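Per-entry structural report
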Amino acid sequence: MIYVRALSPLGFGGMALTPVYGAVDPAEALRTLHHAVDAGVTFLDTANIYGAGGNEELISRLLQDRRGEVQLATKFALVRNPAEGATEVRGDAPYVRQAVDESLARLGTDVIDLYYMHRRDTRVPIEETVGAMAELVKAGKVRHLGLSEVTADELRAACAVHPIAAVQSEWSIWSRDVEAHVVPAAAELGVGLVPYSPLGRGFLTGTVHAADLGPGDFRHNIPRFAAGALDANQAVVDAVQRVAADLTAGTGSQTTAAQVALAWLLAQGGRFGLPVVPIPGTRKPARIDENLGALDLTLTPAHLDLLDRAAAAVVGSRAANPASVSQGRE
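As the structure is a computational prediction, the values presented were derived from the model and not from experiment.

So, about the packing of aromatic side chains. Counting across every chain of the model gives 3 aromatic pairs. Aromatic side chains F76 and Y115 sit 5.1 Å apart centroid to centroid with 25° between the ring planes, which places their arrangement in the stacked category. Residue F76 is located in strand 3 (residues 71-76), and its partner Y115 is located in strand 6 (residues 112-117); the two are separated by 39 residues in the primary sequence. Side by side, F76 and Y115 carry an identical accessibility label, which is buried. An angle of 20° between the planes, with centres 4.8 Å apart, marks the rings of W174 and F203 as stacked. Of this pair, W174 sits in the loop between strand 8 (166-170) and helix 7 (182-189) while F203 is found in the loop between strand 9 (192-196) and helix 8 (227-251), placing the two residues 29 residues apart along the sequence. Accessibility expressed as a relative area gives 3% for W174, which makes it buried.

A word on the side chain of Q168. Within the element layout of this structure, Q168 appears in strand 8. Exposure remark for Q168: the relative accessible area of 2% places this residue in the buried category. If we ignore the near neighbours within four places in the chain, the residues touching Q168 are D45, K75, Y116, L147, S148, E149, V194, Y196 and I279.

Calculation notes
- Residues numbered from 1 in each chain as written.
- Predicted model: local features only at pLDDT ≥ 70, side-chain atom pairs only at ≥ 80, totals over all residues.
- Heavy atoms only, no water.
- Phe/Tyr/Trp six-rings, centres within 6.5 Å; stacked < 30°, edge-to-face > 60°.
- Helix = DSSP H or I, 4+ residues; strand = E, 2+ residues; numbered from the N terminus.
- Buried < 20%, exposed > 50% of the residue type's maximum accessible area, 1.4 Å probe, protein only.
- Contact = heavy atoms within 4.5 Å.

What follows is the structure in C-alpha cells.
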C-alpha cells in the first residue's frame, strides 16, 4: 500500500496511444506523454501486448531523458489481445522470465517499477506465476508486483507468496463488479487499486456515441457498446452530467463529466479504505489537464447517491469475453 500511495494521484493509461481506438500519430503520442509528465502525471502504465510491443517502444522514447521522473508499470501474460475479440494467456514460469526480458529491452530500462500479471492463466497455479515474478524482484529486474483482473481468492493466494502492491481492474461508475469481493479483499490485505478505463472507455465523458465508433474500434466487441445498450446506458451519463452541472453552478468554474467520473473513483477509495490511482488514457494533452481538475472536486453525499442509483441500471457486460476478467470468475 505504501508504494501505491507514493504514486501520482492520477496515472496515464498507455493503451490509448495504440490503434485500438483508430489510427495513432506517433509524434503526437510522444508529445502527449511528455505533457502528462510535465503536468505531474508521473505513473505510466503500459503492457507488452499493447500495439504488439509498440507501446512499450513508444514509452522508451520518453524514458531516454525522463526515466527518473516516472514510475513505470507494464504487464505480461496476454499473448493474444482481448481487443481483437479473443484472449490467450500464459502464466508459466519460463514465460514470466522471457516476457520481462523482452519488456525491459523494448522499454530501454534495467528495472520496471511495477510488474503486473495482466490476466490469470487458469492452467497454472497462481503460486507458480507469482513465485516466478518474485524471482524477478530478487534479480533486481522488478521493484513491485501487481495483478490485473483477479478474484479475491486469487489475490489472497498471491499475497501468501509475495507482497502485492496493486490490483488493476476495470472500475468506474458503470463498472462496479469489483466492489463485491476484490476491493474489500484489497483493503483487507493492504493492496492498492489501479482502475483502468475509469472513464468507461470514453463513454462517461458524454462524448461517445455508436456512430462515433469507426472501423477497427475494439469497443464494437464489448456488449455494453452495442447500439441498443448504449441508448439504455445513456442514463448513467445523464447522471454524471447532472452532477457536473451542479458543481459548475456551485463553484462558478466549469466542471466536466470526466472530472466527476474520476472524482467519484477517488471518493470510492475513501469509502472502501484503500488508495486508488485511476489511469485514464488520452491522445490529447488538453484532456490530461482536464482530468487533473478532478483532484479539486468534492462530491456530496447527494451526488454520490445519484451516481450510485444510475450505476445500478447499466446494461451489458464490460468485457468482450467476460470469462477473462474477474466479473466472470467471482
